[in-house]
Amino acid sequence: HLQNGDVLAVWTETDTNFVVRLLTSTWNGTTWSAPAQITSGRVQSPTAQQVGDAIYLLWTQAVDTNDNKGLFFSMNIGGVWGTPEVFLPKPAARP
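Residues numbered from 1 in each chain as written. Predicted model: local features only at pLDDT ≥ 70, side-chain atom pairs only at ≥ 80, totals over all residues. Heavy atoms only, no water.

### Some thoughts on the sheet that holds strand β1 (residues 7-14)
Sheets are built from strands that pair by backbone hydrogen bonding, the pairs being arranged parallel or antiparallel.
And step 1. Across the sheet, which stays open at both edges, the 3 strands sit in the order β1-β2-β3 with antiparallel pairing between neighbours. Of all the strands in the sheet, the pair left with one neighbour each is β1 and β3 (36-41). For this sheet, the mean inter-axis angle between neighbouring strands, taken without regard to orientation, is 20°.
And step 2. As judged from the 5 bridges shared by strand β2 (residues 20-27) and β3, these two strands associate in the antiparallel manner. From the neighbouring strand, Leu22 faces β3, where its bridge partner is Thr39. (Pairing = 2+ DSSP bridges. Helix = DSSP H or I, 4+ residues; strand = E, 2+ residues; numbered from the N terminus. Axes fitted to C-alpha atoms, helices over the stretch in contact; angles between N-to-C directions.)

Structure, rendered in structure tokens:
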């Protein structure tokens, strides 16, 4: 659950054209929010984590016709999901 007590659900849904959509919704204790579509494509393995006031959603997605995969993320701050981006971690600073 999130710091404010809400529950975040993250899932994939495949439509009749076999397009996979990555969706989220939150439960505020009374109702679910309308599903928000984050991206679509050959999406797999979504996971979410809250860090401070931001919620990070990460997933793998095929990036070419050979089914090579990339790691992507979207960040939610203030209830708004950002545009999906390739996840490129920064190396930790060495002491």
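### Some words on the pattern of salt bridges
And step 1. Across all of its chains, the model carries 3 salt bridges by this definition.
And step 2. Note that Asp67 and Arg42 form a salt bridge whose closest N and O atoms lie 3.5 Å from each other. Note that Asp67 is positioned in the loop between β5 (54-62) and β6 (69-77) and Arg42 in the loop between β3 and β4 (43-51), a separation of 25 residues in sequence.
And step 3. One salt bridge in this structure joins Lys69 and Asp67, with 3.1 Å as the shortest N-O distance.
And step 4. Taking the relative accessible area as the measure of exposure, Lys69 reaches 41% and is therefore partly exposed.
And step 5. For Asp67, a relative accessible area of 38% gives the class partly exposed.
And step 6. Here the salt bridges do not stand alone but share partners, grouping Arg42, Asp67 and Lys69 into one network. (Salt bridge = Lys/Arg side-chain N within 4 Å of Asp/Glu carboxyl O. Buried < 20%, exposed > 50% of the residue type's maximum accessible area, 1.4 Å probe, protein only.)

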